[in-house]
Amino acid sequence: GRMRERREREAVGGAGTWAGATRGERGRLAGRMPGMGRAVEELNRRMRRAKDAMDLSYAEPLDVNSLAAIASVSAAHFIRTFKATFGETPHRYLQRRRVERAMYLLGQTKREVTDICLDVGFNSLGTFSRTFSQIVGESPIAFRSHARPIAVPNCFAMAWLRPSSFGEAGSS
């Protein structure tokens, strides 16, 4: 069966060469993920562009239609594909990104919680507090009470403080 076919291919083109490779092996040799076709790779690139746009303008109002347009897909397909690609919905990713920035500002500045709430893109202090508590596991004020300025570059502080996307606080 397969072993014989492989031996025949190796005899013709040698193992690990383009001439002796099957279509899937050629993809691997070209640097693509095994089993991932060009169409999937292109869709993942477009999803990444939309995610990058969310990262750059997290504090601005973003709607699914504009993000879907960046990815060149319909709104419904964008939501499904984004969740399949990144493990969470676009809305939840954006909320987590905003909370991540709020955590940094709460720990590094003396600004009012309401100002931080509005600066990171929430329109309501209640929604901000509820979302922050769901993701972090405590209220913004409680978080600030033990958060201390971190004497490292901002990029390291942001990465270290980043809330997990694999489970919300208190869901265990």
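Placed above this text is the structure.
Since the model is a prediction, treat every value here as computed from it, not as a measurement.

Engineer: Pulling in residues and values, what's your account of the overall build of the protein?
Structural biologist: Scanning the protein from terminus to terminus reveals ten helices and zero strands. Restricting to contacts in the protein with at least 6 residues of sequence separation, those with at least 24 account for 56%. For the protein, the exposed surface amounts to about 10,700 Å²; the carbon and sulfur share of it is 55%.

Engineer: Quick one: what's the story with helix 3 (residues 38–56), residue by residue and with numbers?
Structural biologist: For helix 3, with 19 residues, the first-to-last C-alpha span of 27 Å sits near the 27 Å given by 1.5 Å per residue. Among all positions in helix 3, only Glu41, Leu43, Arg46, Met47, Ala50, Lys51, Ala53, Met54 and Asp55 are buried. Looking at the buried side of helix 3, the elements it contacts are helix 4 (64–71), helix 5 (75–86) and helix 6 (90–108).

Engineer: Please provide a residue-by-residue account of the packing of helix 3 against helix 4, values included.
Structural biologist: One can describe the packing of helix 3 onto helix 4 by two numbers: an axis separation of 7 Å at closest approach and a directional angle of 135°. The pairing of helix 3 with helix 4 is recorded here as oblique in orientation. Crossing angle aside, the handedness with which helix 3 passes helix 4 is right-handed. Residues Arg46, Met47, Arg49, Ala50, Ala53 and Met54 of helix 3 form the contact with helix 4, whose participating residues are Leu67, Ile70 and Ala71.

Rules and cut-offs
- Residues numbered from 1 in each chain as written.
- Predicted model: local features only at pLDDT ≥ 70, side-chain atom pairs only at ≥ 80, totals over all residues.
- Heavy atoms only, no water.
- Helix = DSSP H or I, 4+ residues; strand = E, 2+ residues; numbered from the N terminus.
- Contact = heavy atoms within 4.5 Å.
- Areas by Shrake-Rupley, 256 points an atom, 1.4 Å probe, with all protein chains shown as cover.
- Expected span 1.5 Å × (residues − 1).
- Buried < 20%, exposed > 50% of the residue type's maximum accessible area, 1.4 Å probe, protein only.
- Axes fitted to C-alpha atoms, helices over the stretch in contact; angles between N-to-C directions.
- Parallel < 35°, antiparallel > 145°, perpendicular 65-115°, else oblique.
- Left-handed = near helix turned anticlockwise from the far one by under 90°.

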